[in-house]
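# Structure at a glance
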Amino acid sequence: MLGLSRARVETDRWIAFRSHFGIESFYCRPGIDGAHEKGGVEGQIGYFRRNHFTPVPEVASLAELNELVEQWDLHDGRRRIGSRLQTIDEYFAVEQPLLVPLPEEPFETGRVFTPRVDRYSQIAVRTNRYSVPVRLIGKRVRVVLHASHLVVYDQNVEVARHERLIAKGGCRLELDHYLEALIRKPGAFPGATALEQARSAGRFTPVHDAWWAQARKVHGERDGTRALIEVLLLGRHIPHEYLVAGLATALRAGALTADAVALEARKAAQPEDEPTVPGPSSTGPGQSAGTVTFLHEWKLAHLPPDTRPLPSVTPYDQLLRSRRASGGDRREGEAQ
């Protein structure tokens, strides 16, 4: 049972919420006439606010605040209200067996929207814009908006996740969403807004910039930028920290190809107890051991042992002898 003020309107979301949890709602009288009907509940809310939210706690995120609230809630369970004999937790232990069990499936608290992806591969949600993969341009997607983040789905498959923008008119772009388009038009990469946001967020590091600058110097602007985009595409299946480590090693070795970065990133991701495979180095004599192994050498070294017997040409020899014999018979027949 849940007591509410008559002023509350039963919206669709509220009806869905109480239906999911099996709540029966009854409404208190508004104003002074109903002030005594749920004073205990309101009083405990005031106690919690005065003791834990005064002064206002300083946190870095909503998730951190929720963790603090959970700790405070556990702590308050050990206190007594007024002169009562038992603590809050002890009273709840008596009441808990009488409560209806919670549903097995969680209730979706997010707001649902179905915007269409525009030609810039962006969707508009509550006056702000967010990027999605370019392959979805022109399609409608489903967006679930939560208090601190939003999730984008295409036919029940998650395709994007963003931290929610609070101010109006903002734009949050993910560089990875544009890579397929940028690899076809690498000239648009240096001035891309998504690249600026990736730098600000620390996803595009000074190591990326240094490798990119060297690649452009060796391969030219277009091919060097395309090589960097190929490296960024590796980030879809290689963790970010290992990819940065692979970039740093490849840069020291002067290996300015995506294959070399992929190899070094996988080597960085290997457990320390797994033996590394020696291979030919692309560096000159006297340089450090942080060298690059050729990709085909690395693949051959990681193949399972081949226990098959060596091939034999004996069946072919039998065919040749048979051909010689048949040819000799024909020649004898012609001579006669």
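A quick note: this is a predicted structure, and the numbers were derived from the prediction, not measured.

## So, the overall build of the protein
Helix and strand counts for the protein come out as 12 helices and nine strands. For the protein, the residues scored as buried account for 27% of the 336 residues in total. In the protein, once contacts between residues fewer than 6 apart in sequence are set aside, the share between residues at least 24 apart is 49%. Accessible area of the protein: about 23200 Å², with a carbon and sulfur share of 55%.

## Some points on unusual backbone geometry
Following Thr-54, the chain continues to Pro-55 via a peptide bond in cis, the omega torsion being -5°. Along the chain, Pro-55 turns up in the loop between helix H2 (39-52) and helix H3 (62-76). Although it is not a glycine, Asn-156 adopts a positive phi angle of roughly 70°. Look at Asn-156 and you get exposed, because its relative accessible area is 63%.

## Things to note about the confidence of the model for the protein
Interpretation of the predicted coordinates at a detailed level should be avoided for regions scoring low in pLDDT. Mean pLDDT over the protein: 85, with 86% of residues reaching 70 or higher. A low-confidence stretch, residues 279-289 stays under pLDDT 50, and its non-local contacts, those more than four residues away or across chains, total 11 contacts.

## Thoughts on the packing of helix H7 (residues 206-219) against helix H9 (residues 240-253)
Where H7 meets H9, the axes come as close as 9 Å, and the angle between the chain directions of the two elements is 40°. In terms of axis orientation, H7 runs oblique to H9. The crossing of H7 and H9 is left-handed. Seen from H7, the contacting residues are Val-207, His-208, Ala-210, Trp-211 and Gln-214; seen from H9, they are His-240, Val-244, Leu-247, Ala-248, Ala-250 and Leu-251. Its residues assigned to classes, the contact of H7 with H9 comprises eight nonpolar, three polar and no charged.

## Thoughts on the packing of aromatic side chains
In total, this model carries 10 aromatic pairs according to the counting rule given. Between the aromatic rings of Phe-189 and Phe-204, the centroid separation amounts to 6.3 Å while the plane-to-plane angle is 55°, which identifies the pairing as tilted. Remark: Phe-204 occurs in the loop between helix H6 (193-201) and H7 and Phe-189 occurs in the loop between helix H5 (179-184) and H6; sequence separation between them is 15 residues. Of the two residues, Phe-189 and Phe-204, both sit in the buried class. Put simply, the rings of Trp-14, Phe-17, Phe-21 and Phe-107 pair up and form one aromatic cluster. If you follow Arg-79 out to its NZ or CZ, it ends over the ring of Tyr-47, 3.8 Å from the centre. Sitting over the ring of Tyr-153, Arg-142 keeps its end group 4.6 Å from the ring centre.

## Structural notes on the nonpolar core
Counting residues in hydrophobic clusters, the biggest one holds 32 residues, and the most contacted among them are Leu-175, Phe-189, Phe-204 and Trp-211. Going through the elements one at a time, H5, H6, H7, helix H8 (221-234), H9 and helix H10 (258-269) are the ones with two or more residues in this core. The biggest single contributor to this core is H8, with six residues. Ignoring sequence-local partners within four residues, the contact set of Leu-175 consists of Leu-182, Phe-189, Ala-194, Leu-195, Ala-198, Phe-204 and Leu-232. Counting residues in each nonpolar core, the second largest holds 14 residues, with Tyr-130, Val-132, Leu-136 and Val-159 among its members.

The rules behind each value
- Residues numbered from 1 in each chain as written.
- Predicted model: local features only at pLDDT ≥ 70, side-chain atom pairs only at ≥ 80, totals over all residues.
- Heavy atoms only, no water.
- Helix = DSSP H or I, 4+ residues; strand = E, 2+ residues; numbered from the N terminus.
- Buried < 20%, exposed > 50% of the residue type's maximum accessible area, 1.4 Å probe, protein only.
- Contact = heavy atoms within 4.5 Å.
- Areas by Shrake-Rupley, 256 points an atom, 1.4 Å probe, with all protein chains shown as cover.
- pLDDT = per-residue confidence, 0-100.
- Axes fitted to C-alpha atoms, helices over the stretch in contact; angles between N-to-C directions.
- Parallel < 35°, antiparallel > 145°, perpendicular 65-115°, else oblique.
- Left-handed = near helix turned anticlockwise from the far one by under 90°.
- Nonpolar A, V, L, I, M, F, W, Y, C, P; charged D, E, K, R; others polar.
- Phe/Tyr/Trp six-rings, centres within 6.5 Å; stacked < 30°, edge-to-face > 60°.
- Lys NZ or Arg CZ within 6 Å of the ring centre and 35° of its normal.
- Core = buried A, V, L, I, M, F, W, Y, C linked by side-chain atoms within 4.5 Å.

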